[in-house]
2 protein chains.
Amino acid sequence: MPDFVNLDCPSCSLLGKVMSIKPLNVAVVGATGAVGRETIEVLEERKFPVANLKLLASSRSAGEEISFNGKDIVVDELTEHSFDKVDVALFCAGSGISKKFASHAVDAGAIVIDKTSAFRMDEGVPLIVPEVNADVLNEALESREGSQGLIVSNPNCSTIPLTVVLKPLMEKVGIKRVVVSTYQSVSGAGKEGMSELWEQTKGLYSQQEIEPKVFQHRIAFNCIPHIDDFLDSGYTKEEVKLIEESKKILRDQGLNLTATAVRVPVMSCHSESVNIEFSDACSPDQVREVLQESPGIVVSDEPKDNTYPLNSTTIGTDDTFVGRIRGDETVPHGINLWLVSDNLRKGAALNGVQIAELVAKNLSVQ
Amino acid sequence: MPDFVNLDCPSCSLLGKVMSIKPLNVAVVGATGAVGRETIEVLEERKFPVANLKLLASSRSAGEEISFNGKDIVVDELTEHSFDKVDVALFCAGSGISKKFASHAVDAGAIVIDKTSAFRMDEGVPLIVPEVNADVLNEALESREGSQGLIVSNPNCSTIPLTVVLKPLMEKVGIKRVVVSTYQSVSGAGKEGMSELWEQTKGLYSQQEIEPKVFQHRIAFNCIPHIDDFLDSGYTKEEVKLIEESKKILRDQGLNLTATAVRVPVMSCHSESVNIEFSDACSPDQVREVLQESPGIVVSDEPKDNTYPLNSTTIGTDDTFVGRIRGDETVPHGINLWLVSDNLRKGAALNGVQIAELVAKNLSVQ
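Residues numbered from 1 in each chain as written. Chains lettered and ligands numbered in written order. Predicted model: local features only at pLDDT ≥ 70, side-chain atom pairs only at ≥ 80, totals over all residues.

### Focus: the overall build of chain A
Here comes step 1: Counting its secondary structure elements, chain A contains 10 helices and 14 strands.
Here comes step 2: Relative to a compact globule of 366 residues, whose C-alpha radius of gyration would be 21 Å, chain A shows 20 Å and is just as compact.
Here comes step 3: C-alpha extents for chain A along the principal axes are approximately 60 × 55 × 40 Å.
Here comes step 4: Considering chain A as a whole, with its 366 residues, one finds that 57% of them fall into the buried category.
Here comes step 5: Look at the contacts in chain A between residues 6 or more apart in sequence, and 68% of them connect residues 24 or more apart. (Helix = DSSP H or I, 4+ residues; strand = E, 2+ residues; numbered from the N terminus. Rg over C-alpha atoms; globule rule 2.2 N^0.38 Å. Buried ≥ 20, exposed ≤ 12 C-beta atoms within 10 Å, placed from the backbone. Contact = placed C-beta atoms within 7 Å.)

Following this line, the structure appears as structure tokens:
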């Protein structure tokens, strides 16, 4: 058994078989950013079968060195010709970079795993959460001609944990409507977002006002109900991503899901207050049972011990933590729950690497 | 016209008449706490007709001096005999203090305005938000025998702004169901809560971990979905307060309202993400119009200018700010909105003083 196959890992166990994995040539685009660095760490941690690792970034960051499996790798400048002999390219920079360079990677025959919103809603682009719809990725890989390239999208960091939780409840009980309010950390806006919260907060201790650059307003000790741009409907793109991506991943265009996305002054992990109206009766205990048995979820729900999901206990972990599960009697079959997941890991880097693992396995059996 | 009558003030304009107001003997219980201090400031700011101001606190704080209208007033120790000749007693300490001492104030003939949860849900105790149900207070005052004392309760700080917003929508449109998620500041837990967030955050900059005392977990850069004690239902008392108090204030025991209450690392002002299902059609523009014409509300909703309610712009103000008003198509007549109010002012001190103003006017006409 190759030692990268981790039987505790949902994407490995989803495939349900142990096989000989062919090491792949991997590229990480945006290697020096928050998600890029986390991706490199997760590749190492999960012993991903890397033949060669190419780290790519803008000319500004080229020349930096990043450690991987005990070796320092020099970051190269990203160009149209960076993808020669690359099997899997993890795009961890902005949408603009993905739009400009992903097609070059595909032309070179690479499977692009794109963390940005650039292609998520494009027809024919699989939008994958391994616990939820690995089958969609496998189908897409298998229907390629020869070693054709492919773009696979990684959903938005608030969409991933929500679909991980909704999927089993949708299958086992049926969902009529979902109302979500998010509590999103600044790391969703990258290293710059974290630095702005850190420096701005520090500034308040010395009466130094630090002007917002990353966020629209001061984020230190402030909640901002505005993530990404506004649309004419009054919703933000972040809210629409959460709604539309969830429908695509859960394969239910009729899903009634509404959302309010809010940035809160926490460094990492996104939390969501979720109200669900089921189609059928489902007690809080039954919800706990369904979630406990589902991949990628830890039920953390012991109010009498003050145990429920928190940013501080979720950071650095891989699962979606769910707690505060309780009945809502304002509808026939309602519950409220609270979920937290590490937006840099499951929300971005980890989910991307889990997709890469599915790709590695699929390519090995082809 | 006595200069304390402020025609811009909702409670003054609600009464709709200008009268000669008799100055009252006022006591503030818990004068040295966060809400007590804010109450003293609001009494001064709003030129409340004070004949004599008695400041009361525990023996620990007795002897401190607090400035009021340019004079330093020495804080006295609170005892059973503190309420002699007091007309209005504003209780700003904890529930325990109210339960122990409010009856003594009532026995001495005072109108107790209690900021705590001690008596809020007691039958016969008016639970008052001046913009929403001033009539209930006036009826209770008028049905007293002679100069009998009375307990009037001030609702919870997250309930007040919610009822200010729901009342006009309920009257003009009709409400089927409300789903609320709160983003509550640490000042809801008093000076100690603010100090814990401030010191704990500062500690993180020097790698000093400061153990939580006020909150159940670290509050610095963390969201805690737990305010007040848990009940067997899995809801917290804070959530149940928001639900049950709203029903009492809005005089609708059948109101379908569910809530998740979350503490976030902000110093002051409570925010709420509110999803409302109306009984009849009501567009976002109509909601804006209804709210704009309602007392105590400022509509702050210009997404194209990044204008929506924020803690940082609401602090120190009296109104409930509402923005992010947009249709929710997952139900026949739905909207989402975002509200922010200063929990120390409208959520506590200001609402209490507004009640005292109604009392002062009522006593003047009796």
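### Quick look at the interface of chain A and chain B
Here comes step 1: Across the contact, 47 residues belong to chain A and 47 residues belong to chain B.
Here comes step 2: Of the residues belonging to the side of chain A that touches chain B, the class tally is 21 nonpolar, 19 polar and seven charged. (Nonpolar A, V, L, I, M, F, W, Y, C, P; charged D, E, K, R; others polar.)

### Some words on the pairing of strand 8 (residues 150-153) of chain A
Residues and elements named next belong to chain A.
Here comes step 1: The alternating pattern of strand 8 places L150 and V152 on one face and I151 and S153 on the opposite face, and all of these are buried.
Here comes step 2: The sheet contact formed by strand 7 (residues 111-114) and strand 8 spans four bridges and is parallel. Looking at strand 8, one finds that D114 is bridged to S153.
Here comes step 3: At this point the chain moves from strand 7, through helix 4 (residues 130-142), to the parallel strand 8, and the crossover so formed is left-handed. (Pairing = 2+ DSSP bridges. Right-handed = clockwise from strand over helix to strand, strands pointing away.)

### Points about the nonpolar core
Here comes step 1: Counting 222 residues, the largest nonpolar core has V29(A), V88(A), A89(A), V29(B), V88(B) and A89(B) as its most contacted members.
Here comes step 2: The residues touching V88(B), leaving out its near neighbours within four places in the chain, are L24(B), V26(B), A110(B), I111(B), I113(B), A356(B) and V359(B). (Core = buried A, V, L, I, M, F, W, Y, C linked by C-beta atoms within 7 Å.)

### Some points on the domain arrangement of chain A
Residues and elements named next belong to chain A.
Here comes step 1: When its domains are assigned, chain A resolves into domain 1 (10-155 + 347-365) and domain 2 (159-343).
Here comes step 2: Domain 1 and domain 2 are separated by 25 Å when their C-alpha centres are compared.
Here comes step 3: Across the contact, 17 residues belong to domain 1 and 20 residues belong to domain 2.
Here comes step 4: Sorting the residues of the side of domain 1 that touches domain 2 by element identifies helix 1 (10-15), helix 4 and helix 10 (345-365) as the ones contributing at least two each.
Here comes step 5: Tallying contributions element by element places helix 10 first for the side of domain 1 that touches domain 2, with four residues. (Domains from an automatic or database assignment.)

### Some remarks on the relation of the copies chain A and chain B
Each of the two chain copies can be generated from the other by rotation about an axis followed by a shift along it.
Here comes step 1: Note on the identical chains: chain A maps onto chain B by a rotation of 180° and an axial translation of 0.0 Å, with an RMSD of 0.0 Å. Considering both components of the superposition, the chain copies are consistent with a two-fold axis.
Here comes step 2: Taken as a fraction of all interface residues of chain A, those also at the interface in chain B reach 100%, which identifies the copy contact as same-surface. (Least-squares fit on C-alpha atoms with pLDDT ≥ 70 in both.)

### Structural notes on helix 10 of chain A
Think of an α-helix as 3.6 residues a turn; residues three or four steps apart then line up on the same face.
Here comes step 1: For helix 10 of chain A, the principal kink sits at N351(A) and spans about 40°.
Here comes step 2: Taken across its 21 residues, helix 10 of chain A has 17 buried, putting it largely inside the fold. (Bend = angle between axes of the 7 residues up to and from the residue.)

### Quick look at the pairing of strand 7 (residues 111-114) of chain B
Here comes step 1: Going residue by residue along strand 7 of chain B, you find I111(B) and I113(B) tucked away on one face and V112(B) and D114(B) tucked away on the opposite face as well.
Here comes step 2: Taken together, strand 6 (residues 88-91) of chain B, helix 3 (residues 95-107) of chain B and strand 7 of chain B constitute a β-α-β crossover, and its handedness is right-handed.

### A closer look at the confidence of the model for chain A
All names here are of chain A.
Here comes step 1: Mean pLDDT over chain A: 93, with 94% of residues reaching 70 or higher.
Here comes step 2: Low pLDDT, under 50, characterises residues 1-18; the predicted model gives this stretch 30 contacts beyond four residues in sequence or across chains.
Here comes step 3: On the interface metric, ipTM, the complex scores 0.91, and its pTM is 0.92. (pLDDT = per-residue confidence, 0-100.)

### Considerations on the sheet that holds strand 10 (residues 256-260) of chain A
Residue and element names in this part refer to chain A.
Here comes step 1: Within the open sheet, the six strands sit side by side as 10-9-11-14-13-12. Their pairing is mixed. What marks the edges here is a single partner per strand, and that holds for strand 10 and strand 12 (297-299). Along the sheet, successive strands turn relative to each other by an average axial angle of 25°, direction set aside.
Here comes step 2: Helix 5 (residues 159-172) contacts strand 9 (175-183), strand 11 (270-278), strand 12, strand 13 (320-328) and strand 14 (334-341) of the sheet and is inclined by roughly 160° relative to strand 9.
Here comes step 3: Contacts between helix 7 (residues 237-249) and the sheet are confined to strand 9 and strand 10, with strand 10 contributing the most and set at about 160° to the helix. (Axes fitted to C-alpha atoms, helices over the stretch in contact; angles between N-to-C directions.)

### Structural notes on the environment of C223(B)
Here comes step 1: Relative to the helices and strands, C223(B) resides in the loop between helix 6 (190-205) and helix 7 (237-249).
Here comes step 2: Assessed through the 27 C-beta atoms surrounding it within 10 Å, C223(B) is described here as buried.
Here comes step 3: Ignoring sequence-local partners within four residues, the contact set of C223(B) consists of Y183(A), V264(A), V266(A), S271(A), N311(A), V262(B), R263(B) and V264(B).

### What about the sheet that holds strand 5 (residues 76-77) of chain B?
All names here are of chain B.
Here comes step 1: The sheet built from six strands is open, its strands ordered 5-2-1-6-7-8 with parallel pairing. The open sheet has two edge strands with one neighbour each: strand 5 and strand 8 (150-153).
Here comes step 2: As paired strands, strand 1 (residues 24-29) and strand 6 are joined by four bridges and run parallel to one another. Bridge assignment links V29 to a residue of strand 6, and that residue is F91.
Here comes step 3: Each of strand 1, strand 2 (50-57) and strand 6 touches helix 2 (residues 34-45); the most contacted strand, strand 1, lies at about 155° to it.

### What to know about the environment of T307(B)
Here comes step 1: Mapped onto the fold, T307(B) is located in the loop between strand 12 (297-299) and helix 9 (311-314).
Here comes step 2: Setting aside chain neighbours within four positions, we find T307(B) in contact with S300(B) and E302(B).

### Remarks on the packing of helix 5 (residues 159-172) of chain B against helix 8 (residues 284-292) of chain B
Residues and elements named next belong to chain B.
Here comes step 1: Close contact between helix 5 and helix 8 brings their axes to 9 Å; oriented N to C, the two are set at 115°. Classified by chirality, the crossing of helix 8 by helix 5 is right-handed. Judged by residue contacts, V165, P168, L169 and K172 of helix 5 engage V287, V290 and L291 from helix 8. (Left-handed = near helix turned anticlockwise from the far one by under 90°.)

### What to know about the environment of D114(A)
Residues and elements named next belong to chain A.
Here comes step 1: Tracing the chain through its elements places D114 in strand 7.
Here comes step 2: A residue is classified by how many C-beta atoms lie within 10 Å of it, and D114, with 28 of them, is buried.
Here comes step 3: Along the backbone, D114 and I151 are 37 residues apart, and their C-alpha atoms lie at a distance of 7.1 Å.
Here comes step 4: Among all residues touching D114, those that are not within four sequence positions of it are F91, S98, A102, F119, I151, S153 and N154.

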